[in-house]
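Residue-level listing of the chains:
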Amino acid sequence: MGNVNEENNLESMINKSKRAKELRERNVRNIEPCKKCEWKMFCGVCPREVYSCTGNVYDKIPQCIFQNNVFEALIWEFGKNQEGIMKYLIGEYDEN
Ligand code: SF4
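What counts and what doesn't
Residues numbered from 1 in each chain as written. Predicted model: local features only at pLDDT ≥ 70, side-chain atom pairs only at ≥ 80, totals over all residues. Helix = DSSP H or I, 4+ residues; strand = E, 2+ residues; numbered from the N terminus. Core = buried A, V, L, I, M, F, W, Y, C linked by C-beta atoms within 7 Å. Buried ≥ 20, exposed ≤ 12 C-beta atoms within 10 Å, placed from the backbone. Contact = placed C-beta atoms within 7 Å. Near = placed C-beta within 6 Å. Nonpolar A, V, L, I, M, F, W, Y, C, P; charged D, E, K, R; others polar.

**Focus: unusual backbone geometry**
With a phi angle near 40°, Val 45 is a residue other than glycine that sits in the positive phi range. Within the fold, Val 45 resides in the loop between helix H3 (40–43) and helix H4 (47–54).

Given below as structure tokens:
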């Protein structure tokens, strides 16, 4: 980033920042380990979480395998109970 003592315009400082540029340009389609993942549009791949665990915003999340299993299980459940899942998603599911 920059030095707050030398920069008097925060916006200018952020615009010059390599890290801010990385975050602005970050997209699940340009994260190498996620590019071909079938769940990429559902996953989220939180940049804060990834960075805190790997030091790199262009990596997959630490719980990637778990996330894959959850999505797969949800698809199976959806296949078995599409009406119930749709009602759950729109808040009309009755658990009784
Ligand atoms: S499940 Fe794993 S590989 Fe797929 S988008 Fe999420 S972090 Fe990336």
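Having seen it, we continue.
**With respect to the nonpolar core**
Membership of the largest hydrophobic core is limited to 6 residues, which are Ile 31, Cys 34, Cys 43, Val 45, Val 50 and Ile 61. Sequence-distant contacts of Cys 34, defined by excluding residues within four places in its chain, comprise Val 28, Lys 40, Val 45 and Lys 60.

**Structural notes on the site of the ligand**
Lining the immediate environment of the ligand, one finds Pro 33, Cys 34, Cys 37, Trp 39, Lys 40, Cys 43, Val 45, Lys 60, Ile 61, Cys 64, Gln 67 and Asn 68. For the shell around the ligand, the elements supplying multiple residues, two or more each, are H3 and helix H5 (64–80). The dominant element in the shell around the ligand, judged by the number of residues it contributes, is H5, at 3 residues. Of the residues belonging to the shell around the ligand, the class tally is 8 nonpolar, 2 polar and 2 charged.

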